[in-house]
Amino acid sequence: MSEGVQRTGRWFGLGGAALVAVGVGLLARVPALVLLGGLGVTLGAYDRLAVAPAADVTVRRSITPPEPSLGERVTVALTVRNDGDRTIPDLRVADGVPDTVRVVEGSASLGTALRPGAEATVTYEIAGGTDRCVFEPATVVVRDVVGVVARRTRVAVEPDAVTWERPAGSALLPLVPAVARRPGAVPVDEGGEGVSFYAVREHRSNDPLSRVDWNRYARTGDLSTVEFRREQSATVVVVVDARAAAAVAPRPDAETAVERSTAAAVALVEGLPEDGHAVGIAAYSPQRAWLDPGTTEVHRRRARELLRTDRAFTATPDGREPDVRRLLARLPTAANVVFLSPLCDDDAAAFARRLAANGHPVTVVSPDPTAADTAGHRLARLERAERLRLLRAAGLAVHDWGPNEALRRVTERAWRDGR
Amino acid sequence: MTARTGLVCGGAAGLAGVATLFVAGVGTAATAAGVAAVVVLGGGVLVRSGRLVDLAGAALFLEVLVAALQGASATTVLAGGGGTVLAWTFGHAAVDLRDDLGTGPSVTVESAHVAGTTALVGVAVAVTTLLFGVDVPRLPPLALASVVLGAIALTAALRR
């Protein structure tokens, strides 16, 4: 809406009512009604003459924590202060929350009356950001006490950005080792080509000269060969469960599992290529979305765009089932699959099993959307826990991602547990 | 989740509506209009409809008109008129606070609005009564009406 002073029209019709009262009073010869018209006129005069108070306010924002890790909630406190020398009887502030995040607790707007020099604060929590999110200026509306005239303005507020830090690339997720040939970052307990030292063994005639330990040769005269820990780069495809059945959340205003999965997918797409892994994107959704594995900066940008804007990731219910056969056919042979799904129905679990059966090393990261407030919700929680247990028993690496938990916690736990 | 935004204004609107109903409900027709107004007002605030609040305001106004025609005193009519304006204004405030702020905190702004508007309308009622003097009934209605019409023309000319 435009800035400036506007009449709100709250008392629109008052003059007409006054005229009706006077007219009826005249016809029926009732002086009291003419008096009533007089009251209408007095109030109508106020309606015409009222002036909006000056919007002489400063707005501050405090963001805690200032550098959240991915998946973590951020508390924003918006404080508004009346710098003028007159009381503002009606002050409304709405913070310019970025489109890419969601307010999950509290409200990003505040209504208050402020004496000169007084302050009022509103606190709310946001979640769902994946990188740098910039706040819009806050909208401030001040009105007279009745609310017949309003002054609207936009106030820039500092600090105006929050950056969700994703876990560093190598700390992202311990990938399940796959059979691949390039040196990379998935450690294999096997000596060979690589970057970190593994062992020294006797020289064999066909060993490359670059790996001969010349220091030892100078010292002892024996030829020996240095072996490095073989690490492989993997081809990873991040599959996001974006069916309508996955768009579930513990509360109506909380982030849905699809939103959390998409945020985690962005982090994986950003982080894994730093270790030389090629990352692709796919949607387990009735709408098709596919991005071939790649490592370049351009590729990462395209992946981000795809995750943010493609219809396949919006969980639109359209009654169709995902085309699993087609999706499996597109996956590169033995590609590492990271499957992001709340696992709230058997279809998702069956899909994960089918991926593993097709020879893909599967890592499941499962944002937990369950609640415990009703018996039905508790049952759903138990069923999900059972699904996770069965998948683990089937040999899949399954990581449960609790509500309000930072993604970094999950990855730390994953590394600690060794898988 | 219970949102309290608009509760103070909505409650004040209901109070003002009920007060008007009791003050101006001097006959069956007036009381019927008043009861309908209070019901519509409550519904309008609950479903956040400005039109229903307008309708409720019109019904309260009708109640006051009918009461005046049935011979209610000038004080009763003025008090009823003031109550009508208050109920209508608070109803609108409750609706647009919910629209503007959602579930944001608003108790202070609502209290300030209720207190300020009540004071303003109270002063307007008092000023109107004083302006027309104590012996209102003896003034010829046409003279009174001329003054009021002149005032309406004057306020219309005040548009900036």
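Here's a quick rundown of the structure. (Residues numbered from 1 in each chain as written. Chains lettered and ligands numbered in written order. Predicted model: local features only at pLDDT ≥ 70, side-chain atom pairs only at ≥ 80, totals over all residues. Heavy atoms only, no water.)

## A look at the overall build of chain B
Link 1 in the chain: If you tally the helices and strands in chain B, you get 6 helices and 0 strands.
Link 2 in the chain: Scanning chain B from its N terminus toward the C terminus, one meets helices and strands in the order α-α-α-α-α-α.
Link 3 in the chain: Counting only residues that meet the buried cut, chain B has 46% of its 160 residues in that class.
Link 4 in the chain: Intrachain contacts of chain B at a sequence separation of at least 6 include 74% that bridge at least 24 residues.
Link 5 in the chain: Summing over all exposed atoms, chain B offers an accessible surface of approximately 7,600 Å²; the carbon and sulfur share of this is 72%. (Helix = DSSP H or I, 4+ residues; strand = E, 2+ residues; numbered from the N terminus. Buried < 20%, exposed > 50% of the residue type's maximum accessible area, 1.4 Å probe, protein only. Contact = heavy atoms within 4.5 Å. Areas by Shrake-Rupley, 256 points an atom, 1.4 Å probe, with all protein chains shown as cover.)

## So, the pattern of salt bridges
Proximity of charged atoms lets side chains of opposite charge pair with each other.
Residue and element names in this part refer to chain A.
Link 1 in the chain: In total, this model carries 24 salt bridges over all chains according to the counting rule given.
Link 2 in the chain: Note that Arg 387 is salt-bridged to Asp 346, the shortest N-O span being 2.9 Å. On the criterion of sequence distance, the pair formed by Arg 387 in helix α8 (residues 375–393) and Asp 346 in helix α7 (residues 346–357) is long-range, its members being 41 residues apart.
Link 3 in the chain: Residue Arg 387 is classed as buried on the basis of its relative accessible area, which comes to 10%.
Link 4 in the chain: Overall, the relative accessible area of 52% leaves Asp 346 in the exposed class.
Link 5 in the chain: In this structure, the salt-bridge partner of Glu 405 is Arg 413, at a minimum N-O distance of 2.8 Å.
Link 6 in the chain: Looking at Glu 405, the relative accessible area reads 18%, which means it is buried. (Salt bridge = Lys/Arg side-chain N within 4 Å of Asp/Glu carboxyl O.)

## Structural notes on the packing of helix α4 (residues 257–271) of chain A against helix α5 (residues 297–309) of chain A
Residues and elements named next belong to chain A.
Link 1 in the chain: Where α4 contacts α5, the two axes come as close as 10 Å, and the packing angle between them is 175°. Considered as vectors, α4 and α5 are oriented roughly antiparallel to each other. Contact residues: Thr 262, Ala 265, Val 266, Val 269 and Glu 270 in α4; Arg 300, Ala 303, Arg 304 and Leu 307 in α5.
Link 2 in the chain: Class assignment for the residues of the contact of α4 with α5 results in 5 nonpolar, 1 polar and 3 charged. (Axes fitted to C-alpha atoms, helices over the stretch in contact; angles between N-to-C directions. Parallel < 35°, antiparallel > 145°, perpendicular 65-115°, else oblique. Nonpolar A, V, L, I, M, F, W, Y, C, P; charged D, E, K, R; others polar.)

## Observations concerning the sheet that holds strand β3 (residues 74–82) of chain A
Residues and elements named next belong to chain A.
Link 1 in the chain: On the basis of which strands lie adjacent, the open sheet formed by 4 strands has the order β2-β3-β7-β5 and antiparallel pairing. Only two strands of the sheet have a single partner each, and these edge strands are β2 (57–64) and β5 (102–106). The average angle at which neighbouring strand axes cross in this sheet is 30°, direction not considered.
Link 2 in the chain: Taken together, the 4 bridges between β5 and strand β7 (residues 119–127) define a ladder with antiparallel strand orientation. In the sheet register, Val 103 faces β7, and the bridge partner there is Ile 126. (Pairing = 2+ DSSP bridges.)

## Concerning the sheet that holds strand β18 (residues 336–340) of chain A
Residues and elements named next belong to chain A.
Link 1 in the chain: If you trace the 6 strands from one edge of the open sheet to the other, you get β17-β16-β15-β18-β19-β20, paired in mixed fashion. Of all strands in the sheet, those bounded by a partner on one side alone are β17 (290–294) and β20 (397–401). With strand direction ignored, the average angle separating the axes of adjacent strands in the sheet is 20°.
Link 2 in the chain: Two elements, strand β15 (residues 235–241) and strand β16 (residues 278–284), share 7 bridges in a ladder whose sense is parallel. Bridge pairing in β16 places Val 240 opposite Ala 283.

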